[in-house]
Amino acid sequence: MAVSSAPGKVYLFGEHAVVYGEPAVPCAIELRARVGVEKRDDSKLRVHAEDLSLDGFTVEYGGPTDGHPDIDASESLVSAAMGYVDGAIEQVRDVTGEDDVGFDVTIESDIPLGAGIGSSAAVVVAAIDAAARELGVTLETDELAERAYRTEYEVQDGQASRADTFCSATGGAVRVEGDDCRPIEAPDLPIVIGFDGGAGDTGELVAGVRNLREEYEFAADTVETIGDVVRQGEEVLADGDVAEIGRLMNFNHGLLSALGVSSRSLDTMVWSARDAGAYGAKLTGAGGGGCIVALDPTDETETALSFTPGCEKAFRAELADEGVKQLE
Ligand code: PMV
């Protein structure tokens, strides 16, 4: 049995614009998915998941083409998670050449699904790392990140950037622009997260921005302006000026809102954080619902968010310096 964990992330800057070649800066946080993998005697894949913000469940099926017979269709997030595990195992079969190998996979995650803080990337990264090690292969971080990206790319029908998976594999703050992914300097940020209990549909939200961009030149300009905010944000991160990082996050949220990817609950949480004195606040990830990220070294934002209608959970998250970790 091999067990790996990988962190989730918040976007400090640049989601959506990264899809069109602008840079983005995600930053890994100490909320982790842990994936245990044990080789089977047959070629089946059996997945047991607990704590995926839904009741624990077990599903067993013969292989990628057999579908997921034991999953209730209403649990679409859970079946999405299964798609990611399937894809991850396919990458491991490919990289090791063991085409018919089967596994028992156990997933535990602290990261809410589809909420913009990198649950799928963390599961994919940890699953690939653990399954490869279970077969005696230790992947270099770059290879792991690339395989994890390919998994997301396939599961999300081509709508994926390298940001989430690279960040989860390496940890820390990273800069992603097209194929170019690298770690960058960032100060220890006082991150507070507000979660509305929901999730956005990434594919739909990405398509919405694509349509707007095609229809209106000023929407295309908005995407480019997000790129400008990211470039400025990188410099400010290197200087360690947390108050200025917050101001740029506010600006970034306004631009995302103009592109139609915020929601009432996300905006309410953002304003609640700002009113409580946060340096800045923005949605993180695809939007539509899910999480906001705010910067506040005091307890004020966390307290204010916990009383904000529509905010189901508010919590502080430490920056995760370490990416994927081998637990067993
Ligand atoms: O919601 P998440 O964490 O999957 O982030 C999506 C970020 C997008 O830029 C909207 C899409 C992508 O793959 O980069």
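Residues numbered from 1 in each chain as written. Predicted model: local features only at pLDDT ≥ 70, side-chain atom pairs only at ≥ 80, totals over all residues. Heavy atoms only, no water.

### Overview of the pairing of strand β6 (residues 173–177)
Selection criterion: Working definition: with a 1.4 Å probe on protein chains only, accessible area under 20% of the residue-type maximum means buried, over 50% means exposed, and in between means partly exposed. By the criteria applied, helices consist of DSSP H or I runs no shorter than four residues and strands consist of E runs no shorter than two, each listed in order from the N terminus. In this scheme, strands are said to pair when DSSP sees at least two bridges between them.
Extensive coverage of β6 is indicated by the burial of four of its five residues. Between the end of β6 and the start of strand β7 (residues 180–184), which pair antiparallel, lie two residues, with glycine 178 showing a positive phi angle near 60°.

### So, the UniProt feature "active site" (unreviewed entry) in the protein
Defined as follows: UniProt positions are given in the numbering used here, feature names are shortened, and annotations may be inferred rather than shown by experiment. Only heavy atoms enter the contact rule, under which two residues are in contact if any of them lie within 4.5 Å.
According to UniProt, the feature "active site" (unreviewed entry) maps to Asp164 in the numbering used here. Positionally, aspartate 164 belongs in helix α4 (residues 163–170). Sequence-distant contacts of aspartate 164, that is, excluding residues within four places in its chain, are made with Lys9, Tyr11, Gly118, Ala121 and Glu152.

### Re the site of the ligand
To keep it simple, the criterion reads: Nearness here has a simple test: a residue counts as near a molecule or strand if at least one of its heavy atoms is within 4 Å of that partner. Whenever a nitrogen or oxygen atom comes within 3.5 Å of another N or O atom, the pair is scored as a polar contact, on the condition that within protein one atom can donate a hydrogen and the other can accept it, and that pairs from neighbouring residues in sequence are kept only if both atoms are in side chains. Think of a 1 Å grid over the protein atoms and nothing else: a 1.4 Å probe that fits but is trapped marks a cavity, an open set flanked by protein within 12 Å on at least five of seven lines marks a pocket, and residues with an atom within 4 Å of a point count as lining. Pocket or cavity membership: a molecule qualifies when more than half of its atoms sit within 2 Å of the grid points of that site. Polarity classes work like this: nonpolar for Ala, Val, Leu, Ile, Met, Phe, Trp, Tyr, Cys and Pro, charged for Asp, Glu, Lys and Arg, and polar for all others, with Gly in that last group. Throughout, the edges of the domains are those of an automatic or database domain assignment.
Around the ligand sit 13 residues, and of these Lys9, His16, Ser161, Asp164 and Ala286 come closest. Between alanine 286 and the ligand, the recorded distance is 2.9 Å, taken from a backbone N or O atom to an oxygen atom. When each cavity is represented as a set of grid points, the ligand is found to reside in the largest pocket. Across the shell around the ligand, the residue classes tally to six nonpolar, four polar and three charged. Split by domain, the shell around the ligand shows at least three residues from each of two domains, domain 1 (2–184) and domain 2 (191–317).

### A word on the nonpolar core
As a reminder of what qualifies: Residues belong to one nonpolar core when they are buried, are Ala, Val, Leu, Ile, Met, Phe, Trp, Tyr or Cys, and are joined through side-chain atoms within 4.5 Å.
Counting 104 residues, the largest nonpolar core has Val10, Phe13, Phe103, Val105, Ile107, Ile191 and Ile193 as its most contacted members. The biggest single contributor to this core is helix α2 (residues 119–134), with 10 residues. Both of domain 1 (2–184) and domain 2 (191–317) provide at least three residues apiece to this core. Contact partners of isoleucine 193, with chain neighbours within four places excluded, come to Val10, Ile29, Ile117, Cys291, Ile292, Leu305, Lys313, Ala314, Phe315 and Ala317.

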